Amino acid sequence: MYTRYGQLTDTVKLFDEMPQRDSYSWNSLLEAHLKSGTNREDTLRLFHSMPEKDEYSWKITISSFAKAGNLRIARELFDKMPVQDEKPWNSMINGYARIGRNDEAMNLFKSLNYSNDNVWKNNTHILATVFKICADMAALDFGKQVHTRMVINNVGFDEVLVSSLVNMYAKCGDVDSASHLLNSLQTQPDDFSLSALITGYTKCGRLIDARKVLDHSGGGKCNTVLWNSIIAGYVANNEGSEAMNLFSKMRMYGIREDPSTLASVLSATTSLGIVIIGKQIHGHGLKLGFIHDLITASVLIDMYSKCGSLDDACKFFEELQKYDYDTILLNTMINLYSKSGRIEDARRTFDMMPRRSLISWNSMIAGYNQNGCAIEALNLFCDMHRLGLPMDQVNLACVISSCASTCSLRLGEQIFSKATVIGLESDQFICTALIDFYSKCGYIEYGRSLFNEMEKTDEIPWNSMLMGYAANGYVVEAFKLFEQMRNEGVAPNNITFTGVLSACDHCGLVEEGKKWFDSMKQEYNIEPGIEHFSCMIDMFARAGFPAEAMNLIDQMPFEADSSMLSSILKGCTATGNESLSKKVAERILELEPKQSSAYVQLASTHATCGDWERSAQVRGLMEERRVRKSPGHSWIDD
């Protein structure tokens, strides 16, 4: 009784008072220790001190240690067990499978097959576990061999065994065998088996067959599990609209959704990019009380993020309770805050994490990099180094980029040395970051030498080298590289054209720039982005065509920012276009009332025109608003 209710102290006291003890008494004491979760060394001492250990003693000890994940101890006892039966075998195989050590579980099952006792081999619990392992390892051939042995030995199929076998065939891609097995049964298959078959069909892209399984199973009479499987399958096959239609049918039939349903439907919304539907699902989930489910919350944040509603994603995260957080969700929020420019919130999230993975550190370092906080990124990397945390190509590439932003040549080369020590010197991420690093530090020839040696699997290294040439004014080399890139069959993307247009801008190649700007959409089907318009506007302004630059601003599908207008303002000054200069300077001040260069330029334009009174007014306004001219500075580390 004491053992059953977990009262170890009373059990031990009663045991000590017993005048005579038999094997049942010892086993009861042992069971009490195992159930109480007491120190494993104490439990083992008790086990080894038992005068007589019967079959039950061995079974409960091995099973308890295996369930607790102490496989080393469980295996040592298992190997020493005088007489082994099916329960310890099942405990050990299950124990290995539970912690993902599938190879050892499979090897143990194979060693079981060398024995002569068919009862053990035909144990349905062991076989169900083996089929699950085969599914996880995609070991279809071995699974078929075990299935064949079952047929030869006339092993009876119970519900658990059928489900495991169907799941194995479906996960391994042999859905026809899974379907044949279900059709051959005399009884109605259970929902787990049907769900596994639907999932198998959808993974192979056979959506019509998956739909037939649902319809033949009763459609409106099916439970939530089957509907979740079909909806998730359509989402996985980029059929978001049909997934939404299925969700509507499910509700029409009166079948109650669960958090998994909402997670799939939100993923469908993400694929469709329709944030208004996502908000409706958010409200529906709130009414049902599912929205704080960890998976649903993560998918909802992902939906808002990918649909461009970063503020909604951040707002929802801040509404979650702290107990709803996990490492993956917090990593997502670090990335999201970084994309939104809320780097302080990203750091606050990083600091509140109870456990940080390597992804957490990488996300925070990358976030600092994206927001121009190179020093903070380097400091965080140094913290990683002091803590002895592992480094990978992601954080090393990020900090090399930080060194590029600060022109820290010495530190960048030290970090590359670290990459070399851990065997990542040929990694494409690191080599690409290093090309950018050398280019920004003015050592373009080092970057080209590295570019020539590295293995290039996509357009990213080409873009990095091209941008390096453009930034350093090597226009001829930039165009030669662009030509070589196309000749080698590497498709240019929007970043490639940013480099090409930047090269045209720096060298005043107006006609060349116009040609490539037009060809982006006409030949390569790439819609010009704000960075491409910015290059063209700067190019027109530098070449003495501020009016053309202003016309392009009026045509582009984006709001002009102050940097674009500042480029035109400089062009107006160079060409003496006073009327346009006034117009542009006033527009800049509307956008950024604190920008000193616009005040200075506008005052200078009035003075050049002889309107000294207006010039003095502008300078007075500058004083009134406490706007100070930014001093020039330079920063380089050789």
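Residues numbered from 1 in each chain as written. Predicted model: local features only at pLDDT ≥ 70, side-chain atom pairs only at ≥ 80, totals over all residues. Heavy atoms only, no water.

Just to check I follow, could you spell out the overall build of the protein for this structure?
A tally of helices and strands in the protein yields 38 helices and 0 strands. Within the protein, the proportion of its 638 residues that are buried is 47%. Expressed as a percentage of contacts within the protein between residues at least 6 apart in sequence, the contacts between residues at least 24 apart total 57%. Per element, the accessible surface of the protein, about 32800 Å² overall, is 50% carbon and sulfur. (Helix = DSSP H or I, 4+ residues; strand = E, 2+ residues; numbered from the N terminus. Buried < 20%, exposed > 50% of the residue type's maximum accessible area, 1.4 Å probe, protein only. Contact = heavy atoms within 4.5 Å. Areas by Shrake-Rupley, 256 points an atom, 1.4 Å probe, with all protein chains shown as cover.)

Would you take a moment to explain helix α24 (residues 374–386) for this structure?
Structurally, the α-helix is built with 3.6 residues per turn, so residues lying three or four positions apart point the same way. In this model, α24 (13 residues) spans 19 Å end to end at C-alpha, consistent with the 18 Å of a helix rising 1.5 Å per residue. Those residues of α24 lying buried are Ala374, Ala377, Leu378, Leu380, Phe381 and Met384. Buried positions in α24, seen along its axis, are confined to an arc of 160° and lie on one side of it. On its buried face, α24 sits against α22 (343–352), α23 (358–370), α25 (393–405) and α26 (409–421). Where α24 terminates, the next one or two residues include Gly388, which has phi positive at roughly 70°. (Expected span 1.5 Å × (residues − 1). Arc of directions from axis to C-beta.)

I would appreciate a short explanation of the packing of helix α27 (residues 428–440) against helix α29 (residues 460–471) in the present structure.
Each packed pair of helices is defined by two parameters, the angle between the axes and the distance between the axes. Where α27 meets α29, the axes come as close as 9 Å, and the angle between the chain directions of the two elements is 5°. The pairing of α27 with α29 is recorded here as roughly parallel in orientation. Facing Gln428, Thr432, Ile435, Asp436 and Ser439 of α27, the residues of α29 in contact are Ile460, Pro461, Ser464, Met465 and Gly468. Class assignment for the residues of the contact of α27 with α29 results in 4 nonpolar, 5 polar and 1 charged. (Axes fitted to C-alpha atoms, helices over the stretch in contact; angles between N-to-C directions. Parallel < 35°, antiparallel > 145°, perpendicular 65-115°, else oblique. Nonpolar A, V, L, I, M, F, W, Y, C, P; charged D, E, K, R; others polar.)

Could you clarify how one ought to interpret the layout of surface pockets in this entry?
The gaps of empty space that remain are located by a probe, the size of a water molecule, rolled over the atoms. If you add up the space inside the largest pocket, you get close to 620 Å³. Lining of the largest pocket is provided by 23 residues; of these, Ser401, Thr432, Ala433, Asp436 and Ile460 occupy positions nearest its centre. Of the residues contributing to the lining of the largest pocket, the split by class is 9 nonpolar, 11 polar and 3 charged. (1 Å grid on protein atoms, 1.4 Å probe; cavity = no way out; pocket = protein on both sides within 12 Å on 5 of 7 lines; lining within 4 Å. Points joined across faces, edges and corners; volume = space filled by probe spheres on them.)

I keep staring at helix α12 (residues 175–184) and nothing clicks. Help me out?
Along α12, the residues that are buried comprise Val175, Ala178, Ser179, Leu181 and Leu182. Down the axis of α12, the buried side of the element spans an arc of 160°, and every buried residue falls inside it. Every exposed residue of α12 that faces more than 90 degrees away from the buried side is listed here: His180 and Asn183. On its buried face, α12 sits against α10 (140–152), α11 (159–171) and α13 (191–203).

Explain the UniProt feature "repeat: PPR" (unreviewed entry) in the protein here, please?
As annotated by UniProt and renumbered to match this structure, "repeat: PPR" (unreviewed entry) occupies residues 22–53, 54–88, 223–257, 293–323, 326–360 and 458–492. Between the C-alpha atoms that bound residues 223–257 the distance is 9 Å, and the span itself is 74% helix and 0% strand. For the annotated span residues 458–492, helix accounts for 71% and strand for 0% of the residues, and the straight-line distance between the end C-alpha atoms is 10 Å. (UniProt positions renumbered as here; feature names shortened; annotations may be inferred.)

Help me out: how do you make sense of the pattern of salt bridges in this one?
Where charged atoms from two side chains of opposite charge come close, those side chains can pair. Taken as a whole, this structure holds 23 salt bridges when the rule is applied. Measuring nitrogen to oxygen at the nearest pair gives 3.1 Å for the salt bridge that ties Asp176 to Arg206. Here Arg206 lies in the loop between α13 and α14 (207–216) and Asp176 lies in helix α12, a separation of 30 residues in the sequence. On the basis of relative accessible area, Asp176 is assigned to the partly exposed category, the value being 46%. Of the charged contacts, one joins Lys515 and Glu512 as a salt bridge, the two residues approaching to 3.6 Å between their closest N and O atoms. In this pair, Lys515 and Glu512 are both assigned in helix α32 (residues 510–524), 3 residues apart and thus about one turn of the helix distant. (Salt bridge = Lys/Arg side-chain N within 4 Å of Asp/Glu carboxyl O.)

Can you help me understand the nonpolar core in this one?
Generally speaking, soluble globular proteins have nonpolar side chains that are buried together. Met92, Phe109, Met168, Ile230, Ile301, Phe437 and Ile568 are the most contacted members of the largest nonpolar core, which totals 186 residues. The biggest single contributor to this core is helix α9 (residues 124–137), with 8 residues. In this structure Phe109 touches Ile93, Ile126, Leu127, Val130, Phe142 and Val146, once residues within four positions along its chain are discounted. (Core = buried A, V, L, I, M, F, W, Y, C linked by side-chain atoms within 4.5 Å.)

Just checking my understanding: could you explain the packing of α12 against α13 for this structure?
Look at α12 against α13: their axes get within 10 Å of each other, and the N-to-C directions meet at 155°. What the angle tells us is that α12 and α13 run roughly antiparallel. Like other packed secondary-structure pairs, α12 and α13 cross with a definite hand, here left-handed. Judged by residue contacts, Val175, Ala178, Ser179 and Leu182 of α12 engage Ser193, Leu194, Leu197, Gly200 and Tyr201 from α13. Class assignment of the residues belonging to the contact of α12 with α13 gives a composition of 6 nonpolar, 3 polar and no charged. (Left-handed = near helix turned anticlockwise from the far one by under 90°.)

Would you mind going over the confidence of the model for the protein with me for this structure?
On average, residues of the protein score 84 in pLDDT, and 85% of them reach the 70 mark or higher. Under a pLDDT of 50 for its full length, residues 1–6 has, in the predicted model, 10 contacts with residues more than four places off or in other chains. (pLDDT = per-residue confidence, 0-100.)

When you look at the side chain of Thr432 in this model, what are you seeing that I'm missing?
Inspection of the secondary structure assignment puts Thr432 in helix α27. With residues near it in sequence (within four places) discarded, Thr432 still touches Met454, Ile460, Pro461 and Ser464.

Quick question: what am I supposed to make of the environment of Ser63 here?
Position of Ser63 among the secondary structure elements: in helix α4 (residues 55–67). Taking the relative accessible area as the measure of exposure, Ser63 reaches 7% and is therefore buried. Between the alpha carbons of Ser63 and Pro88 there is a distance of 6.4 Å; along the sequence they are 25 residues apart. If near-sequence neighbours (up to four positions away) are discounted, Ser63 is found in contact with Lys87 and Ser91. Within the structure, the side chain of Ser63 is placed 2.9 Å from the side chain of Ser91, a separation counted as a polar contact. (Polar contact = N/O pair within 3.5 Å; in protein donor to acceptor, adjacent residues only side chain to side chain.)

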